[in-house]
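# Residue-level structural notes
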Amino acid sequence: MPRKKQFGVDDVMHKAMVAFWDHGYRATSLQDLVECMGINRASLYDTFGDKHSLFIDTFHSYKIIYLKPFFAEKMKAYTPRQAILGLFEEVSDRVLKGEERNGCFVINTALELSPHDQKVAKIVNQSFSYIEKSFFRKMIERGQATGDISKSVVPISAARALLSLFIGLRVLSRSRPEKALLQSITNQVEDLLPRGDQTTLPDPIPHSFERPARHVYPEVARVG
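Residues numbered from 1 in each chain as written. Predicted model: local features only at pLDDT ≥ 70, side-chain atom pairs only at ≥ 80, totals over all residues. Heavy atoms only, no water.

### A short note on the packing of helix 5 (residues 80-96) against helix 7 (residues 118-146)
To keep things clear, this is the line we draw: An axis is simply a line fitted to the C-alpha atoms; with a helix, the fit covers only the stretch in contact. Between two such axes, the angle follows the N-to-C directions and lies from 0 to 180 degrees. Counting from the N terminus, the helices are the DSSP runs of H or I reaching at least four residues and the strands are the DSSP runs of E reaching at least two. The contact criterion used is simple: two residues touch if any of their non-hydrogen atoms lie within 4.5 Å. Note on residue categories: nonpolar means Ala, Val, Leu, Ile, Met, Phe, Trp, Tyr, Cys or Pro, charged means Asp, Glu, Lys or Arg, and polar means any other residue, Gly included.
For the pair helix 5 and helix 7, interaxial distance at closest approach is 8 Å and the crossing angle is 145 degrees. Taking contact as the criterion, the partners of Pro80, Ala83, Ile84, Leu87 and Phe88 in helix 5 are, on helix 7, Phe135, Phe136, Met139, Ile140, Arg142 and Gly143. For the contact of helix 5 with helix 7, a count of residues per class yields 9 nonpolar, 1 polar and 1 charged.

### With respect to the packing of helix 6 (residues 105-112) against helix 8 (residues 155-175)
Filter applied, for reference: For this classification, under 35 degrees means roughly parallel, over 145 means roughly antiparallel, 65 to 115 means roughly perpendicular, and everything else is oblique.
Between helix 6 and helix 8, whose axes approach to 10 Å, the crossing angle comes to 85 degrees. Regarding the angle of helix 6 to helix 8, the classification is roughly perpendicular. Of the residues in helix 8, those in contact with Ile107, Asn108 and Leu111 of helix 6 are Phe166, Ile167, Arg170, Val171 and Arg174. Across the contact of helix 6 with helix 8, the residue classes tally to 5 nonpolar, 1 polar and 2 charged.

### Looking at the environment of Lys51
Formally: Counting of polar contacts relies on pairs of N or O atoms within 3.5 Å, with two restrictions inside protein: one atom must be capable of donating a hydrogen and the other of accepting it, and residues adjacent in sequence are counted only when both atoms are side-chain atoms.
If you trace the backbone, Lys51 turns up in helix 4 (residues 51-77). C-alpha separation for the pair Lys51 and Arg26, spaced 25 residues apart in sequence, amounts to 10.0 Å. Among residues more than four places away in sequence, those in contact with Lys51 are Phe20, Tyr25, Arg26, Thr28, Leu30 and Leu33. In this structure the side chain of Lys51 is engaged in a polar contact, spanning 2.9 Å, whose partner is the backbone oxygen of Tyr25.

Right, here's the structure in full:
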């Protein structure tokens, strides 16, 4: 009979994701993973295959647990223009406070691995496409329907520009977290989204697009 695993797969995969997010794929060694996950190498290989397969699993898990629910929450909680502007303002504010300098897991991975790894590039592109089409474009179209955003905005091109600005903001947050630079990005976002006829004043955005806590996270089935 096969031996029963003495650890939770979701739990150890979450720990691996934090390690990859902290240090990047290449700088995270197998020994680092064994130590942070609290399992031996044999268990790692038996459960996940190898380091690359484990990384792919953690990347899929990140999309399901953190990325999609985060944007879905913004879409439900705020008016379209508030959701988009608040995203940029919130990230900038947290970076300037020194609370969020590790960047975005997806963008970090895109810079490190996408040019040389087709599997990773595919997942990265799917994530970017989701942000562009299912958040930015949908919010613009919804905002135009309610009068929150001017009908002069072209949803497709504006969504692409917003994605580019978001990626730029995340890259600058790691390399040059200067207030003037980050504010210039937010200003461009405002210029891209002129108000429509019916608007409300923006509310503060309380939640953040941050690295998950090391010990608290939603219970979900493993995504492979």
